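Read off the chains here:
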2 protein chains.
Amino acid sequence: MNEPIRRARTGERREQILDVALRLFGERGAGSVTTRQIAQAVGISQPSLYAHFATADAIADELCVRAFDVLHTRFEAMAAAVTDPWDRLDALGRAYIEFGLEHPDMYRIAFMPTRQMQPPQGMTFDLETTDPGLAAGLRAFASLRDTIATIRGGDDGEGPVIAQTIWALVHGLTSLLISKPYFPWAQRERLIAEVLIMARVHLASRRIA
Amino acid sequence: MNEPIRRARTGERREQILDVALRLFGERGAGSVTTRQIAQAVGISQPSLYAHFATADAIADELCVRAFDVLHTRFEAMAAAVTDPWDRLDALGRAYIEFGLEHPDMYRIAFMPTRQMQPPQGMTFDLETTDPGLAAGLRAFASLRDTIATIRGGDDGEGPVIAQTIWALVHGLTSLLISKPYFPWAQRERLIAEVLIMARVHLASRRIA
DNA sequence: GATGATAGGCTATCGACGATAGGTCTTCAA
DNA sequence: TTGAAGACCTATCGTCGATAGCCTATCATC
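Residues numbered from 1 in each chain as written. Chains lettered and ligands numbered in written order. Predicted model: local features only at pLDDT ≥ 70, side-chain atom pairs only at ≥ 80, totals over all residues. Heavy atoms only, no water.

As enumerated under the stated definition, the model contains 22 aromatic pairs over all chains in all. Members of the aromatic cluster, joined through ring pairs, are F68, Y96, F99, Y107, F111, F141 and W167 of chain A together with F183 and W185 of chain B. (Phe/Tyr/Trp six-rings, centres within 6.5 Å; stacked < 30°, edge-to-face > 60°.)

This is the structure in structure tokens:
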């Protein structure tokens, strides 16, 4: 049915392509970089890219996964370093927002996709395959979710709702700052601080007695 | 092959194109509808579209503006009908989220753009021209912002930060529910309710004494 | 050595896309 | 009656992602 790729997925060339693509994404925006531009910058022909990646989107997807894996590592280090869970919540939330602002293209690919998701087919639904960007983003977010669970100190069934709502808050600011940079925003630092306060206040009001 | 064409009156054809495009957007997703598909469904040639719209994106932009203008009208009616400002905040927030879920393509175009914004050129920066989708969305959001100002009952300079943060919250949930429909979300109604509670609690903690 | 598998290139080309050029037909006011 | 304007057409452009098919260097095995 689906022959996934024609050549092996290992090699220096593959890494070089990813490096070049990441640079071009940063220079011109991920959406307006073509396979021909990448190939020319690498020094190979455009069809040769398909020996290393199944589709053009696969290049962006892999860069996205790698970026979020870096965030995930940073999160785990933070979770280990900051013992007070309230402080940890602040640190993680801030790092999450700043990551999005530092890697807007990766954040866009993961959470503001152009194409509609296809419904899961049958029982073989695998998030890693279907939406690798989301999967990588969620690995990072898991630290935030766990910290929220720690703060609440128990499980009353409200955990998912609260975690997902705080995620929506943090994502919302990140997403808007990325997609509408020329909106007359209040000072960015004050917006971030306000969002973190909002999360704290809400979480405090939802604490398990 | 060539049947006699009864010419539409000026403007009718344009409306017909918009109607057909809206239907196709709903059926296949805005991102994967081409000018040729629209033209075929209308019954004209593909280049003929350019007699009515400057670019392909202009069709989507106009549909987006119209959709948000409907939301704006609904908001103003609500603002007039619901006198208690706390209840009004709930009603507006809920309507905003539900609007996004009912018109995911329009919401995407307005707030999850594919291509990077161009920096404003010179002094002639006009939001309506540069980003009509955002402009229409903000007209709608203005009601929410005004209600927040009413609740706070004064101006201590914190208004913009608070309004933008609550916007981020509401937008965040809307955006994630649209872009990640297959994520294992908590019950949608509970998520919406939680977001509205979060806004209320935050706003209460930020009230002017 | 010769051989054959394989990785990694290449050129040529495909179909679809948005968009433009330039001509034709119809309408309608002067 | 005529001529400008508008709406439509066909033909075509350049670019896009992707595929087909061939060539070459390497290297383990015979």
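Our next topic: the protein's contact with DNA strand D. Neighbouring DNA strand D are 16 residues, the closest being T35 and Y50 of chain A together with S45, S48 and H52 of chain B. Backbone atoms, meaning sugar and phosphate, form 62% of the atoms of DNA strand D found within 4 Å of the protein. Here a base nitrogen of DNA strand D sits 2.9 Å away from a polar atom, N or O, in the side chain of R36 of chain A. Between a phosphate oxygen of DNA strand D and a main-chain N or O atom of S45 of chain B, the distance comes to 2.6 Å. (Near = heavy atom within 4 Å. Polar contact = N/O pair within 3.5 Å; in protein donor to acceptor, adjacent residues only side chain to side chain.)

This next bit is on the relation of the copies chain B and chain A. One chain copy maps onto the other through a rotation about an axis and a shift parallel to that axis. Superposing chain B onto chain A takes a rotation of 180° plus a shift of 0.0 Å along the axis, which leaves an RMSD of 0.1 Å. Within this description, the copies of the chain are treated as partners about a two-fold rotation axis. Closest to the rotation axis within chain B is the C-alpha of G172 of chain B, separated from it by 1.8 Å. Comparing interface residues between copies, 100% of those in chain B also lie at the interface in chain A; the contact surface is shared. (Least-squares fit on C-alpha atoms with pLDDT ≥ 70 in both. Contact = heavy atoms within 4.5 Å.)

With that out of the way, let us pick up the packing of helix α4 (residues 85–102) of chain A against helix α5 (residues 104–111) of chain A. All names here are of chain A. At their nearest, the axes of α4 and α5 sit 5 Å apart, and the two run at 105° to each other. Overall, the two elements α4 and α5 adopt an arrangement that is roughly perpendicular. On α5, the residues touching Y96, G100, L101 and E102 of α4 are P104, Y107 and F111. (Axes fitted to C-alpha atoms, helices over the stretch in contact; angles between N-to-C directions. Helix = DSSP H or I, 4+ residues; strand = E, 2+ residues; numbered from the N terminus. Parallel < 35°, antiparallel > 145°, perpendicular 65-115°, else oblique.)

Once that is clear, we can look at the domain arrangement of chain A. Residue and element names in this part refer to chain A. The assigned domain composition of chain A is domain 1 (1–54) and domain 2 (63–205). In this assembly, eight residues from domain 1 lie in contact with five residues from domain 2. Both sides of the domain 1 and domain 2 interface together cover about 520 Å² of buried area, and 66% of this is carbon and sulfur. Of the charged contacts, one joins R66 and E15 as a salt bridge, the two residues approaching to 3.0 Å between their closest N and O atoms. Put simply, domain 1 and domain 2 have two residue pairs in polar contact (both at pLDDT 80 or more) between them. Looking at the side of domain 1 that touches domain 2, its residues break down into five nonpolar, two polar and one charged. (Domains from an automatic or database assignment. Buried area = accessible area lost by both parts, 1.4 Å probe. Salt bridge = Lys/Arg side-chain N within 4 Å of Asp/Glu carboxyl O. Nonpolar A, V, L, I, M, F, W, Y, C, P; charged D, E, K, R; others polar.)

Turning our attention to the protein's contact with DNA strand C. Around DNA strand C, the structure places 17 residues, and the nearest of them are R13, S45 and S48 of chain A together with T35 and Y50 of chain B. Sugar plus phosphate: this is where 52% of the atoms of DNA strand C within 4 Å of the protein reside. In this structure, R13 of chain A approaches DNA strand C through a side-chain N or O atom, which is 2.7 Å from a phosphate oxygen. Between DNA strand C and the protein, one listed contact pairs a phosphate oxygen with a side-chain N or O atom of Y50 of chain B at 2.6 Å. Residue classes in the surface near DNA strand C are distributed as five nonpolar, eight polar and four charged.

The next point concerns the pattern of salt bridges. Residues and elements named next belong to chain A. Enumeration over the complete set of coordinates arrives at 24 salt bridges over all chains. Among the salt bridges present, the one from D90 reaches R200, with a minimum N-O distance of 2.8 Å. Of the two residues, D90 sits in helix α4 while R200 sits in helix α9 (residues 188–205), which places them 110 residues apart along the sequence. Using a relative accessible area of 23% as the deciding quantity, one classes D90 as partly exposed. Overall, the relative accessible area of 27% leaves R200 in the partly exposed class. A single network of salt bridges, built from pairs that share partners, joins R14, E15, E62 and R66. (Buried < 20%, exposed > 50% of the residue type's maximum accessible area, 1.4 Å probe, protein only.)

Where interface size is given, it is often the accessible area lost as the parts come together that is meant. Between chain B and chain A, the residue contacts involve 49 residues of the former and 50 residues of the latter. With both chains or domains summed, chain B and chain A bury close to 4,500 Å², and 66% of this area falls on carbon and sulfur atoms. The salt bridge involving R190 of chain A is made with E158 of chain B; its shortest N-O contact spans 2.8 Å. The interface formed by chain B and chain A contains 16 residue pairs in polar contact (both at pLDDT 80 or more). Contributions of two or more residues to the side of chain B that touches chain A are made by α5 (104–111), α7 (132–152), α8 (159–179) and α9 (188–205) of chain B. Sorting elements by how many residues they give to the side of chain B that touches chain A places α8 of chain B first, with 14 residues. Residue composition of the side of chain B that touches chain A, grouped by class: 28 nonpolar, 13 polar and eight charged.

For the rest of this paragraph, the subject is helix α2 (residues 35–42) of chain B. All names here are of chain B. For α2, the set of buried residues is T35, I38, A39 and V42. Each buried residue of α2 lies within a common arc of 95° when the element is viewed along its axis, so the set occupies one face. Counted as exposed and oriented over 90 degrees from the buried face of α2: R36 and Q40. Each element contacted by the buried residues of α2 is listed here: α1 (12–28) and α3 (56–81). Following α2 by one or two positions, G43 adopts a phi angle in the positive range, close to 100°. (Arc of directions from axis to C-beta.)

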